[in-house]
There are 2 protein chains.
Amino acid sequence: MKMEVNQDCQVVSLAECRRFITECMIAVGTPEAHAKAQSDLLVEADYRGHYSHGMNRLEHYINDIQMGWTDKLATPKILAETPATAWVDGRNGLGAIVGNFSMEIAIKKAKNVGVGWVCTKGANHYGIAGAYAMQAAKVGLVGLSFTNTSPLTNSTRSKKPAIGVNPLSCAASSSDDSFVLDMSTSVVAVGKIEMQKRKHENIPEGWALDHEGNVTVDPEVAYEALHLLPLGGTELHGGYKGFGLGVMVEILTGVMAGANYAKHIPSYNPFSKDRPSDLGQCFIAVDPKCFAPDFENRLDDLLQFARNLEPVNSEKPVIVAGDPEREHMAEVDRVGGVSFCRDQLETCSKLAISLKVTPLKFQN
Amino acid sequence: MKMEVNQDCQVVSLAECRRFITECMIAVGTPEAHAKAQSDLLVEADYRGHYSHGMNRLEHYINDIQMGWTDKLATPKILAETPATAWVDGRNGLGAIVGNFSMEIAIKKAKNVGVGWVCTKGANHYGIAGAYAMQAAKVGLVGLSFTNTSPLTNSTRSKKPAIGVNPLSCAASSSDDSFVLDMSTSVVAVGKIEMQKRKHENIPEGWALDHEGNVTVDPEVAYEALHLLPLGGTELHGGYKGFGLGVMVEILTGVMAGANYAKHIPSYNPFSKDRPSDLGQCFIAVDPKCFAPDFENRLDDLLQFARNLEPVNSEKPVIVAGDPEREHMAEVDRVGGVSFCRDQLETCSKLAISLKVTPLKFQN
């Protein structure tokens, strides 16, 4: 992933991003520890190049708190547990608070009995799913996390959306390398269609559908309908597998956690009063040391083998999940921060004024 | 899925399929209990309409035993365990023996502590992955199973295959309904390309690549190269997500179990002497009763909601994973058996002669 850097953009250090988000959250009454956790989550997304889930979400989260749709004070609660599982009620708390709490339990249980499997209800939008999987990977475990989301993805053959983009993440690390899969189970997220619309360029066949469920290449139509195709695309290209993965995520999250699922999830719209979201989420940690020794060596070997495969086009080397993010982080480190462009900077300025927070400071 | 029934085909009852496969296995020295387990696995695949993994595999399995590449006598062994995990050595035993043993441990642990997670090395081709996920679903648990396979799927951007079709399965049941996802992480399996070749029809763009890693629509080229695209297809259509899923399966199986993985797995070729396969497999069972009550009602509601979505084409109703198999099983029940066509019947005749087993008897 490449950062956009031009005259409309400004570079903001990660520390300054953290400062700004934390102060904005505190300005609407969020306890400092909660504000910091939420800030870390958003900055992690921007650092990794997932801009849609970083600073871009701050306005929504602030709005959710101001409208009382998310409980800025809430702390999650364990409703039931066994040595390997926990059922958690997020009590409508902030995404990072509920997510971190849940994954920490999964990690603790994995260290005790080999696996920790946590299903959480009463959750809100929790940022990048990969952040939770990586928490487990950072302590030598394999981590997985899933969440359901508002319906945007059509089932194969249907006119209207059935389920959300239902992301699926899996992370595993060695001391030298890592694999971080963090993907929606739709072909693309809405942001990619929005980009084509801005550029007045068609979208590829197989990304999205029109209002009647027919494939469209018109980005205006696609963006208005918001009917995404599941991974695989059309039925002929295996889209039913992507839809199956999305339903699997729905079962492992909303259905298992006793939260909202599919049609019951309100649309993710800052002006929707149909709240709280009551999302379902799943957090899994498993200890590779319970199985064959030398897990890390084999992981390194597999990842290096993939990267060293001969590419079709020598300018496009083979990469593995997590590599684009690693490249983006190196770029952020090199230029001293994340590059935000006009739209985002204006939103931050407005937030600074309305919340009486010191505006974002730029590098140089 | 529709059964092919024409003058070249014969209907064989499920009991007769079981009798024939069991006797063939016993004829090459397989203990009766092992022969029956392997027979149940293959018949289950044919019953569900997955013909490539049913009677079609018998010849290969017999060959593997005759050549000494699979140990017909071997029983698996637990190498290490915790309350929620087990590391199993399949000791090169038959697919069903190793798979059933491993999933039974996962189920037992899930009943005790909520989750059972088993990684198995020293495994062979284990039939349909869904068979193991369903074992857990049949006793009220949610089941998952993965296996790695011989490299056939290219990574995004590579000229040559990187990993196998690495199937992923997940099953969940209520008393009235079930969800059974059983999918390769490639767009299609080789069998679908073979079918197009036989019909002299092009394959759709995005199924497979030529020898140099470029998209091809020529079924002859695709069948000769055996370079499949990961789910999603090309990079533009999200194929990197399908490749990411395939690598995730590789990590959860071969890498975690300490078995062969990716390039180290010998090609699945009856004449290859590069054996044993030493595949890695993963078996997970989780008890939904550890989380929110009424799991089954929500599962039923989700599946019915999906099926009741308005279809784009009224002749193609929306279905969920497991529905095509359910339809196929009803058809088998209606006609009194599975329909096998000429090629398969000839192979069975030859086996009957060479192994001195009573030939397959047909219905009518």
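Residues numbered from 1 in each chain as written. Chains lettered and ligands numbered in written order. Predicted model: local features only at pLDDT ≥ 70, side-chain atom pairs only at ≥ 80, totals over all residues. Heavy atoms only, no water.

The pLDDT averaged across chain A works out to 95; a share of 98% of its residues lies at or above 70. Interface predicted TM-score (ipTM) for the complex: 0.97; the corresponding pTM is 0.97. (pLDDT = per-residue confidence, 0-100.)

Here the focus is the packing of helix α1 (residues 14-27) of chain A against helix α2 (residues 32-47) of chain A. Residue and element names in this part refer to chain A. It is the contact of α1 with α2, at a shortest axis distance of 8 Å, that shows an interaxial angle of 140°. Accordingly, the angle class assigned to the pair α1 and α2 is oblique. Where α1 crosses over α2, the handedness of that crossing is right-handed. Contacts from Leu14, Cys17, Arg18, Ile21, Thr22, Met25 and Ile26 of α1 reach α2 at Glu32, Ala35, Lys36, Gln38, Ser39, Asp40, Leu42, Val43 and Tyr47. Its residues placed into classes, the contact of α1 with α2 shows nine nonpolar, three polar and four charged. (Axes fitted to C-alpha atoms, helices over the stretch in contact; angles between N-to-C directions. Helix = DSSP H or I, 4+ residues; strand = E, 2+ residues; numbered from the N terminus. Parallel < 35°, antiparallel > 145°, perpendicular 65-115°, else oblique. Left-handed = near helix turned anticlockwise from the far one by under 90°. Contact = heavy atoms within 4.5 Å. Nonpolar A, V, L, I, M, F, W, Y, C, P; charged D, E, K, R; others polar.)

All right, on to the interface of chain A and chain B then. The interface of chain A with chain B comprises 87 residues on the first partner and 86 residues on the second. Considering only the surface of chain A that becomes buried against chain B, A:Arg157, A:Lys241 and A:Phe291 emerge as the three largest contributors, covering 11% of it. Counting across the chain A and chain B interface gives four salt bridges. For A:Lys263, the salt bridge goes to B:Asp301, with nearest N and O atoms at 3.5 Å. (Buried area = accessible area lost by both parts, 1.4 Å probe. Salt bridge = Lys/Arg side-chain N within 4 Å of Asp/Glu carboxyl O.)

Here we come to the pairing of strand β3 (residues 85-89) of chain B. All names here are of chain B. With five of its five residues buried, β3 lies for the most part within the structure. Where burial is concerned, the two faces of β3 agree: the one with Thr85, Trp87 and Asp89 and the one with Ala86 and Val88 are both buried. With four bridges connecting them, strand β2 (residues 77-81) and β3 associate as antiparallel partners. Bridge pairing in β3 links Ala80 to Trp87. Between β2 and β3, which pair antiparallel one after the other, the connecting turn spans three residues. Note on the crossover from β3 through helix α4 (residues 95-113) to strand β4 (residues 115-123): the handedness is right-handed. (Buried < 20%, exposed > 50% of the residue type's maximum accessible area, 1.4 Å probe, protein only. Pairing = 2+ DSSP bridges. Right-handed = clockwise from strand over helix to strand, strands pointing away.)

For the rest of this paragraph, the subject is helix α9 (residues 295-307) of chain A. Here α9(A) spans 19 Å end to end across 13 residues, near enough to the 18 Å set by a 1.5 Å rise per residue. Residues of α9(A) that are buried: A:Phe295, A:Arg298, A:Leu299, A:Asp300, A:Leu302, A:Leu303, A:Phe305, A:Ala306 and A:Arg307. Taken together, the buried residues of α9(A) touch β5 (142-147), β8 (168-173), β9 (178-183) and α10 (323-335) of chain A together with β7 (161-163) and α8 (239-257) of chain B. (Expected span 1.5 Å × (residues − 1).)

All names here are of chain A. Strand order in the open sheet made by the seven strands is β2-β3-β4-β13-β5-β8-β9, with mixed pairing throughout. Among the strands making up the open sheet, the edge pair consists of β2 (77-81) and β9. Sheet twist, expressed as the average angle between the axes of neighbouring strands with direction ignored, equals 15°. Note that β5 and strand β13 (residues 279-286) share six bridges and pair antiparallel. For Gly143, the partnering residue across the bridge sits in β13 and is Ala285. Sheet strands touched by helix α4 (residues 95-113): β2, β3 (85-89), β4 (115-123), β5 and β13. Its angle to β4, the strand with the most contacts, is close to 160°. Here helix α8 (residues 239-257) sits on the sheet and contacts β3, β4, β5, β8 and β13; the angle it forms with β4, its principal contact strand, is near 70°.

We now examine the packing of aromatic side chains. The final tally for this structure, using the stated rule, is eight aromatic pairs over all chains. Ring geometry for A:Tyr51 against A:Phe340: centres 6.4 Å apart, planes inclined by 75°, an arrangement best described as edge-to-face. Of this pair, A:Tyr51 sits in the loop between α2 and α3 (55-66) while A:Phe340 sits in strand β14 (residues 338-340), and the two are 289 residues apart along the sequence. A relative accessible area of 3% means that A:Phe340 is categorised as buried. Here the aromatic rings of B:Tyr126 and B:Tyr132 are separated by 4.5 Å at their centres, their planes lie at 20°, and the arrangement is stacked. Taken individually, B:Tyr126 and B:Tyr132 each receive the classification buried, so the pair is uniform in this respect. Taken together, the aromatic side chains of A:Tyr126, A:Tyr132 and A:Phe283 make up a single cluster linked through ring pairs. (Phe/Tyr/Trp six-rings, centres within 6.5 Å; stacked < 30°, edge-to-face > 60°.)

Turning our eyes to something else, we now look at the relation of the copies chain A and chain B. Placing chain A over chain B gives an RMSD of 0.0 Å and needs a rotation angle of 180°, together with 0.0 Å of translation along the axis. Between the two chains, the operation in question is that of a two-fold axis. Residues of chain A ranked by C-alpha distance from the rotation axis are headed by A:Gly232, positioned 2.0 Å from it. In this assembly the copies share their binding face: 99% of the residues contributing to the interface of chain A also contribute to that of chain B. (Least-squares fit on C-alpha atoms with pLDDT ≥ 70 in both.)

Residue and element names in this part refer to chain A. Tallied over the full model, the rule gives 36 salt bridges over all chains. Among the ionic pairs, Glu194 bridges to Arg198, the shortest N-O distance being 3.5 Å. With a gap of four residues between them, Glu194 and Arg198 both fall in helix α6 (residues 190-198), about one helical turn apart. The class for Glu194 is partly exposed, based on a relative accessible area of 26%.

Moving on, we get to unusual backbone geometry. Here A:Asn92, not a glycine, exhibits a phi torsion of approximately 65°, which is positive. Here A:Asn92 lies in the loop between β3 and α4. A:Asn92 sits in the buried class, given a relative accessible area of 15%. Notably, B:Arg157 is not glycine yet its phi reads approximately 85°, a positive angle. Relative to the helices and strands, B:Arg157 is located in the loop between β6 (153-154) and β7.

The next thing to look at is α4(B). All names here are of chain B. When the terminal C-alpha atoms of α4 are compared, their 27 Å separation across 19 residues agrees well with the 27 Å that a helix rising 1.5 Å per residue should span. Of all 19 residues in α4, 14 are buried; the element is thus mostly enclosed. Just past α4, the residue Gly114 takes up positive phi, approximately 105°.

This paragraph deals with the sheet that holds β2(B). Residues and elements named next belong to chain B. Pairing in this open sheet of seven strands is mixed, and the strands run β2-β3-β4-β13-β5-β8-β9 from one edge to the other. Single-partner strands in this sheet number two, and they are β2 and β9 (178-183). Averaged over all pairs of adjacent strands, the angle between strand axes in this sheet comes to 15°, irrespective of strand direction. Relative to β4, α8 is tilted by about 70°, and along the sheet it contacts β3, β4, β5 (142-147), β8 (168-173) and β13 (279-286).

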